[in-house]
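Here's the letter readout for the chains.
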Amino acid sequence: MDGKKLMETALELGFADAALIRTDELVFIPAFRALCEENECGKYGVNYACPPDCGTVEEMKQKVLRWRQALVMQTMWDIEDPLDNEQIKPAKTEHNRLTRRLIEKAAEPGLMIGASGCSLCSPCAITEGAPCRFPGLRYSCMSAYCIFVKDMADRCGMDYECAPGITTFFSMYCFDERTPELSEDR
Ligand code: SF4
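Residues numbered from 1 in each chain as written. Predicted model: local features only at pLDDT ≥ 70, side-chain atom pairs only at ≥ 80, totals over all residues.

## A closer look at the sheet that holds strand β5 (residues 166-177)
So the rule is basically this: Here, any two strands with at least 2 DSSP bridges between them count as paired. Elements are defined by DSSP. Helices are runs of H or I of four residues or more, strands are runs of E of two residues or more, and each kind is numbered from the N terminus. Contact between residues is assigned whenever the C-beta positions, reconstructed from backbone atoms, fall within 7 Å. To get an axis, a line is fitted to the C-alpha atoms, and for a helix only the part in contact is used. The angle between two axes follows their N-to-C directions and goes from 0 to 180 degrees.
Taken together, the five strands give an open sheet; going across it, the order is β1-β2-β5-β3-β4, and neighbouring strands pair in mixed fashion. The outermost strands of the open sheet, each flanked by one partner alone, are β1 (17-22) and β4 (140-141). Bridge analysis of strand β3 (residues 111-114) against β4 gives two bridges, and the strand direction is parallel. Bridging across to β4, Ile 113 finds its partner in Ser 140. Across the sheet, helix α1 (residues 3-13) lies against β1 and β2 (67-78), angled at about 150 degrees from β1, the strand it touches most.

## A word on helix α4 (residues 85-106)
Basically, it comes down to this: Residue count minus one, scaled by 1.5 Å, sets the expected span of a helix. Once C-beta atoms are placed from the backbone, each residue is buried if 20 or more other C-beta atoms lie within 10 Å of its own, exposed if 12 or fewer, and partly exposed for counts between those two. In this context, the arc is that of the directions from the helix axis out to the C-beta atoms.
Helix length check: α4 (22 residues) gives 31 Å between terminal C-alpha atoms against 32 Å at 1.5 Å per residue, within 8%. Three or more residues of α4 are buried, namely Ile 88, Lys 92, His 95, Asn 96, Thr 99, Leu 102 and Ile 103. Looking down the long axis of α4, one finds its buried residues gathered within 110 degrees of arc, a one-sided arrangement. Along α4, exposed side chains directed more than 90 degrees from the buried face belong to Glu 86, Pro 90, Arg 97 and Glu 104. In the core, the buried residues of α4 are packed alongside α1, β2, β3 and β5. A positive phi of about 55 degrees marks Ala 107, the residue just after α4.

## Some remarks on the pairing of β5
The element β5 is extensively covered by neighbouring structure, given that nine of its 12 residues are classed as buried. Note that β2 and β5 share 11 bridges and pair antiparallel. When the sheet's bridge partners are listed, Trp 67 is paired in β5 with Glu 177. With three bridges joining them, β3 and β5 adopt antiparallel strand pairing. Paired with Met 112 across the bridge in β5 is Tyr 173.

## Let's talk about unusual backbone geometry
Pro 52 follows Pro 51 through a cis peptide bond whose omega is 0 degrees. As for its position among the elements, Pro 52 is in the loop between α2 (33-37) and α3 (57-65). Along the chain, Ser 122 connects to Pro 123 via a cis peptide bond; the corresponding omega equals 0 degrees. Here Asn 39, not a glycine, exhibits a phi torsion of approximately 60 degrees, which is positive. Considering the arrangement of structural elements, one finds Asn 39 in the loop between α2 and α3. Residue Asn 39 is classed as partly exposed on the basis of its 13 C-beta neighbours within 10 Å. Backbone geometry places Asp 176, a non-glycine residue, at a positive phi of 70 degrees. Relative to the helices and strands, Asp 176 resides in strand β5. Classification of Asp 176 by C-beta neighbours within 10 Å gives partly exposed; the count is 17.

Set out below in structure tokens:
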């Protein structure tokens, strides 16, 4: 599926907006890792897809740069208190479900970056000292990759903060794998 078709499919699935970006346009800010350490989402250290277990900032960046392009997907939600995890969780779950649907339809290798850390199991197997139950499906969030989401939204022509009372979530499907030679050139 080419980029145009991916964008069309995302809109058909119900995303508010979708855009393509080259992964080498993304800005990675290592200092964002400190925000994960504050653990406001409650997943730090208790999820294979979240820091510190997901990998270093540089390792996460290289996972993204393995792919040339990314489809950025946006949803918008009317949430009374966007800082309340209980209120935003269902919206993020639905956003991630739609992202997975998009990737299923694309039916090509790629990397999913979610609107939140992996929530395929509850609790994550890491808390039981067991291996990840779905290593091929697990996904990390934008924060775990230290992606500067506002900059990404600006480059995609998307509103990061659209309107009072409206909360936006973003996810990504990275695709179009680089050849090993090109990856080594980076
Ligand atoms: S798939 Fe399950 S075990 Fe693996 S990271 Fe996600 S929640 Fe944890």
